[in-house]
Each structure stands twice: as C-alpha cells, then as structure tokens.
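Residues per chain are reported as follows:
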Amino acid sequence: MAKATSIKEAIAKWEEKAGEKAGEAKIVKLYAQYPPIEKMDASLSLLANCEKLSLSTNCIEKIANLNGLKFIKILSLGRNNIKNLSGLEAVGDTLEELWISYNNIEKLKGIHVLKKLRVLYMSNNLVKEWSEFVRLADLPALADLVFVGNPLEDKHSGEGNWMEEATRRLPRLKKLDGSPVIRQDEEEAEPGELKRVTCRGGRTRLMASMSRHRQWHVSPFVLHPIRNCYTFANIHRHTKFLMDN
C-alpha cells in the first residue's frame, strides 16, 4: 500500500501547480490527494496567511495542528474519516464556515468554541440524538446549517416534523438544509397560509405555513410566470393557486 501524502508534500504539490507561495496565499487547496492525506500535521503552520483551506476528500481521522492558521475563515474537511470535533479551539476566534459533511461524527462536543461560526455544513454524519444537536445552540452567529443525512434528520423528516423541531431548538437559524426559515414575530399563521418570496437569483417561491408555530417553510417547487400570473401545484392534493404577478 502506498505511503500517505504528508501535509508538507501536499503543500509542495500545490505550490508547483498554483505558482504561488503557500505562506502568502489566502486560498489553499489540498483536497483529493493521492495517496490521501491521513494526518493534519504541524506543516499546516506554513499557511500563515490562509483564509480558506480545503482538505476534503482525504483520509483524515483527527482535526489537529490548526494553531498556525491565524486568519482562517473557511475550513473544508468533507469526505474524510473524522470522528469528533476536538481540535477546533485554535481557530475559535476566526472560523466563520466549517464544511465537514460525509464524515463519521456522532457527538458535537467541542463545537461551542467556534464563536464566529455562521455556516456549518455537516450532512451525512452520524448524529442521532437531540441532546447532541442542541449543542449547536451555543454558536451565537450560526445562521446556515445543513444537517440532512444524519440519523436524527432522517428519523424526523420521515415523521414530517424535522424543520419544525430543528428550528425550535435553534431559533436564530436563517437557513436549514438549503431552505430559508422565516418566522412571524407578531401573529400566528393559519396552517396552509401562503405567501410569495423572492429568493437569491430572482426565483420566486411559495412560503407555506406548516403549523401554528409562527414558522414559514419554503416549498421545493419554483413558481413559473405564466401570462401575468404564477401557477403553483402539488400542495394540498395538487390544488392550483393563481397569484397576480
């Protein structure tokens, strides 16, 4: 079996390909090395000015040696073999986005250190209990969470109450699993009440109130303009709603 690629070797390959010095670069891509990286070693300290680091699609088992990344804002560790979130303390004051989907994480102990974290992508991990999920409430800046594919999400999506239960526990979330979460602050909504919103990119979507808990959830169906109106189907047994443009 081939020897694993070291961080130092991966950096040297990247410098040759990118034509940049790693110590000066703000974006460094060390993903999908062959043979894969297995350890985050002390050579990461060479990335003194790095703001975005990609180590995805390797065989890393443990988060370590982030002390030298003084300016890191985005850390990509998806598709590795990481089992826990220990080792993030060193980037707690700067990290804004953590991409760590497709790993083997069951417990979220240690996530609380990321006080500036706004975006957390951790789909397809192994989180099973609400007692772990609620640790995310310790992240004061968290606004965008992707959690699909965890056993907890699978169970409650199957029961039809994932969005409601998850956003109730994380009241500051603005987006969950790619869908905006909009709450009514002043009055309760009647179940099935609809309103139209314009999303990023100019597309129009319907927001449907799924309960009386002051929460609006985006429909997966895009509204298409037809002769000065919008046609919307597949809600409430394929009932069509026409709304003036």
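Criteria and cut-off values
- Residues numbered from 1 in each chain as written.
- Predicted model: local features only at pLDDT ≥ 70, side-chain atom pairs only at ≥ 80, totals over all residues.
- Heavy atoms only, no water.
- Core = buried A, V, L, I, M, F, W, Y, C linked by side-chain atoms within 4.5 Å.
- Buried < 20%, exposed > 50% of the residue type's maximum accessible area, 1.4 Å probe, protein only.
- Helix = DSSP H or I, 4+ residues; strand = E, 2+ residues; numbered from the N terminus.
- pLDDT = per-residue confidence, 0-100.
- Contact = heavy atoms within 4.5 Å.
- Salt bridge = Lys/Arg side-chain N within 4 Å of Asp/Glu carboxyl O.
- Polar contact = N/O pair within 3.5 Å; in protein donor to acceptor, adjacent residues only side chain to side chain.
- Phe/Tyr/Trp six-rings, centres within 6.5 Å; stacked < 30°, edge-to-face > 60°.
- Lys NZ or Arg CZ within 6 Å of the ring centre and 35° of its normal.
- Pairing = 2+ DSSP bridges.

Here we look at the nonpolar core
Nonpolar side chains in soluble globular proteins tend to be buried together.
Here is step 1 of the chain: One finds Leu-53, Leu-55, Leu-98, Ile-100, Leu-114, Phe-133 and Leu-136 to be the most contacted residues of the largest nonpolar core, which totals 53 residues.
Here is step 2 of the chain: Contributions of two or more residues to this core are made by helix H1 (7–18), helix H2 (130–133) and helix H4 (162–169).
Here is step 3 of the chain: The element contributing the most residues to this core is H1, with four residues.

Considerations on the confidence of the model for the protein
Here is step 1 of the chain: Residues with a pLDDT of 70 or more make up 74% of the protein, whose mean pLDDT is 83.
Here is step 2 of the chain: Note on residues 209–245: pLDDT under 50 across the span, and 103 contacts to partners over four residues away in sequence or across chains.

As for the environment of Ile-82
Here is step 1 of the chain: On the secondary structure map, Ile-82 appears in the loop between strand E3 (74–76) and strand E4 (97–99).
Here is step 2 of the chain: Along the primary structure Ile-82 and Ile-105 are separated by 23 residues, whereas in three dimensions their C-alpha atoms are 6.5 Å apart.

A short note on the pattern of salt bridges
Here is step 1 of the chain: Counted according to the given criterion, the structure contains six salt bridges.
Here is step 2 of the chain: A salt bridge links Glu-97 to Arg-118; the nearest nitrogen and oxygen atoms lie 3.5 Å apart. In this pair, Glu-97 is assigned in strand E4 and Arg-118 in the loop between E4 and strand E5 (119–121), connecting sequence segments 21 residues apart.
Here is step 3 of the chain: The class of Glu-97 is buried, set by a relative accessible area of 14%.
Here is step 4 of the chain: Among the ionic contacts, a cluster of salt bridges with common partners joins Glu-96, Glu-97 and Arg-118.

Re the side chain of Asn-150
Here is step 1 of the chain: On the secondary structure map, Asn-150 appears in the loop between strand E6 (144–146) and helix H3 (151–159).
Here is step 2 of the chain: According to the relative accessible area criterion, Asn-150 is buried, its value standing at 0%.
Here is step 3 of the chain: There is a polar contact of 3.4 Å between the side chain of Asn-150 and the backbone nitrogen of Asn-125.
Here is step 4 of the chain: With near-sequence residues (within four places) excluded, Asn-150 lies in contact with Met-122, Ser-123, Asn-124, Asn-125, Leu-126 and Val-127.

Quick look at the packing of aromatic side chains
Here is step 1 of the chain: Within the structure shown, the criterion is met by six aromatic pairs.
Here is step 2 of the chain: Here Phe-147 and Trp-162 contribute two aromatic rings whose centre-to-centre distance is 5.9 Å and whose plane-to-plane angle is 15°, an arrangement assigned as stacked. Pair noted here: Phe-147 is in the loop between E6 and H3 and Trp-162 is in helix H4, with a separation of 15 residues, a long-range link.
Here is step 3 of the chain: You can call Phe-147 buried: its relative accessible area is 0%.
Here is step 4 of the chain: Taking the relative accessible area as the measure of exposure, Trp-162 reaches 5% and is therefore buried.
Here is step 5 of the chain: Against the face of Tyr-102 rests Arg-79, its NZ or CZ located 4.0 Å from the ring centre.
Here is step 6 of the chain: Looking at Arg-169, its charged tip hangs above the ring of Trp-130, at a distance of 3.9 Å from the centre.

Things to note about unusual backbone geometry
Here is step 1 of the chain: Of note, the amide linkage connecting Tyr-34 to Pro-35 takes the cis form, showing an omega dihedral of -10°.
Here is step 2 of the chain: By the element assignment, Pro-35 lies in the loop between strand E1 (27–29) and strand E2 (52–54).
Here is step 3 of the chain: One non-glycine residue, Thr-57, adopts positive backbone phi at about 55°.
Here is step 4 of the chain: Relative to the elements of secondary structure, Thr-57 occurs in the loop between E2 and E3.
Here is step 5 of the chain: You can call Thr-57 partly exposed: its relative accessible area is 39%.
Here is step 6 of the chain: Although it is not a glycine, Asn-65 sits at a positive phi angle of roughly 55°.
Here is step 7 of the chain: Mapped onto the fold, Asn-65 is located in the loop between E2 and E3.

Side note on the pairing of strand E8 (residues 179–183)
Here is step 1 of the chain: Bridging between strand E7 (residues 175–176) and E8 involves two bridges; their strand directions are antiparallel. Residue pairing across strands places Lys-175 opposite Pro-180, the latter belonging to E8.
Here is step 2 of the chain: Counting the residues in the hairpin turn of E7 and E8 gives two residues, including Asp-177, whose phi is positive at 55°.

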